[in-house]
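Each chain, letter by letter, is given below.
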Amino acid sequence: MSLEYQYLGFLQSTSLKLVESLLKIPLFNFEELSKPPFEINTAKIDIHDNEVLGKRIEHFFEHCIVNSKRYDLISNNIQVFKDKVTIGELDFIVKDLFKDKIIHIELIYKFYLYDPEISMELDRWIGPNRNDSLLRKVEKLKNHQFPLLYRKEEAVN
């Protein structure tokens, strides 16, 4: 599949409202970025053929932000270290030019499968290898990813 079709598929993706209700925080309004006019010049998107889904989507999202009239990209993929060991990464820091506000964005783009055999409803959304679940990802966001923003450890872009 061509990079252009992959990018168009990304633009047509919708946010999972269930995650918003579980996290109790607002989701980034991606729909504003994915409405025309937007640039479909995939020649400016540097993606290797073997790039995994999450990294591929980060490139697409960065392309949207950089070409947006509303947002400025301040930084992305900021590594957070403690004693020279990486303890996490901040995906994107952007400035909303309309609201004059800085925003931290954790970008998650995953496939989950629904397994009706699992007893608890929210536990039924599992990753393809069954080692990941939507509920675990939400917990990791709440307890690890978001608190990284407020840690005093060294951050490097």
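Draft legend 1. Up close: the environment of proline 147. For proline 147, the position within the fold is in helix H4 (residues 134–148). What makes proline 147 partly exposed here is its relative accessible area of 29%. Residues proline 147 and proline 128 lie 19 residues apart in sequence; the distance between their C-alpha atoms is 27 Å. Other than its neighbours up to four places away in sequence, proline 147 contacts Leu141 and Lys142.

Draft legend 2. Seen up close, the pairing of strand E1 (residues 71–82). As paired elements, E1 and strand E2 (residues 85–96) share ten bridges and run antiparallel to each other. Considered in E2, the bridge of asparagine 76 is made with phenylalanine 92.

Draft legend 3. Main features of the pattern of salt bridges. Across all of its chains, the model carries eight salt bridges by this definition. In this structure, aspartate 100 and lysine 95 form a salt bridge, with 3.0 Å as the shortest nitrogen-oxygen distance. Here lysine 95 falls in the partly exposed class, since its relative accessible area comes to 26%.

Draft legend 4. Structural context of H4. Counted at 1.5 Å a residue, the expected span for H4 with its 15 residues is 21 Å, and the 20 Å between its end C-alpha atoms agrees. Its maximal kink placed at leucine 141, H4 deviates by approximately 40 degrees. On the buried face of H4, the contacting elements are helix H2 (17–23), E1, E2, strand E3 (101–105) and strand E5 (125–126).

Draft legend 5. View of the nonpolar core. Formed by 18 residues in total, the largest nonpolar core has its most connected members in Phe10, Phe28, Leu33 and Phe61. When residues of this core are traced back to their parent elements, those giving at least two are helix H1 (3–11), helix H3 (53–66), E2 and E3. When residues in this core are grouped by element, the largest group, five residues, is from H3. The contacts of phenylalanine 28, once residues within four sequence positions are left out, are Ser15, Leu33, Phe61, Ile65, Tyr71 and Ile105. Val19, Leu22, Leu23 and Tyr112 belong to the second-largest nonpolar core, a separate cluster that totals seven residues.

Draft legend 6. Quick look at the side chain of lysine 137. Within the secondary structure layout, lysine 137 lies in helix H4. Buried within the structure, lysine 137 lacks any salt-bridge partner; glutamate 106 is the closest side chain of opposite charge, at an N-O distance of 6.7 Å. Here lysine 137 is in contact with Ile108, Lys110 and Tyr112, once residues within four sequence places are set aside.

Parameters at a glance
Residues numbered from 1 in each chain as written. Predicted model: local features only at pLDDT ≥ 70, side-chain atom pairs only at ≥ 80, totals over all residues. Heavy atoms only, no water. Helix = DSSP H or I, 4+ residues; strand = E, 2+ residues; numbered from the N terminus. Buried < 20%, exposed > 50% of the residue type's maximum accessible area, 1.4 Å probe, protein only. Contact = heavy atoms within 4.5 Å. Pairing = 2+ DSSP bridges. Salt bridge = Lys/Arg side-chain N within 4 Å of Asp/Glu carboxyl O. Expected span 1.5 Å × (residues − 1). Bend = angle between axes of the 7 residues up to and from the residue. Core = buried A, V, L, I, M, F, W, Y, C linked by side-chain atoms within 4.5 Å. Lys, Arg positive; Asp, Glu negative; His and termini not counted.

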